Amino acid sequence: MYIGPNILIPVNVRLINHLLIIFVFSLAFIGVAEVMYWLYKKEYLRAKAKYLRELIDQKNDLSSLNEPFYACVYEKWNSGEMPLTEANTTCSLKFEHN
């Protein structure tokens, strides 16, 4: 009757090994996901900052034909009325109809 515990020990060791492997792969997946998230967020913020700099420059260029459009986008965004993408869409629809 001593065979019973010998059979259970390899099963427990195998179970522990599987759980350890699952845990390590889960940590690796979370690590890669975090790195990708922060890299893309950094790139997104850089692109948004570049767009805002261009928007402000074009809004301040009174000789530009598109100055009213850029002024509209900047004012809606700067007042907090709406997010930048929504302000861009709203103003482009507004100036498309005119």
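So, here is what we can say about the structure in this document. Positions within a chain are numbered from 1, following the residues in the order the chain's sequence is written. Restriction of local features to residues with pLDDT of at least 70 applies here, the model being predicted, together with a cutoff of 80 or more for giving and counting side-chain atom pairs; totals for whole chains, interfaces and linings are based on all residues. With hydrogens and water stripped out, all remaining heavy atoms of the structure feed into the side-chain values.

### Quick word on the pattern of salt bridges
Here comes step 1: Should a side-chain nitrogen of Lys or Arg be within 4 Å of a carboxyl oxygen of Asp or Glu, the pair is scored as a salt bridge. In the structure shown here, the tally under the stated rule is two salt bridges.
Here comes step 2: Note that Lys76 is salt-bridged to Glu81, the shortest N-O span being 3.6 Å.
Here comes step 3: Residue Lys76 is classed as buried on the basis of its relative accessible area, which comes to 18%. Partly exposed residues are those whose accessible area sits between 20% and 50% of the maximum for their type, while under 20% is buried and over 50% is exposed, using a 1.4 Å probe and protein chains only.

### Some details on the state of the cysteines
Simply put, disulfide is the name for a covalent bond between the sulfur atoms of two cysteines.
Here comes step 1: The rule for a disulfide is simple: a pair of cysteine sulfur atoms within 2.5 Å. One pass over the structure, following the stated rule, counts one disulfide.
Here comes step 2: Residue Cys72 pairs covalently with Cys91 via a disulfide, S to S 2.0 Å. The chirality of the disulfide connecting Cys72 with Cys91 is left-handed, given an S-S dihedral of about -75 degrees. Here Cys72, found in helix H2 (residues 67-78), pairs with Cys91, found in helix H3 (residues 84-97); they are 19 residues apart in sequence, far enough to count as distant.
Here comes step 3: A relative accessible area of 10% places Cys72 in the buried class.
Here comes step 4: The class for Cys91 is buried, based on a relative accessible area of 0%. Strands here mean DSSP runs of E at least two residues long; helices mean DSSP runs of H or I at least four residues long; both are numbered from the N terminus.

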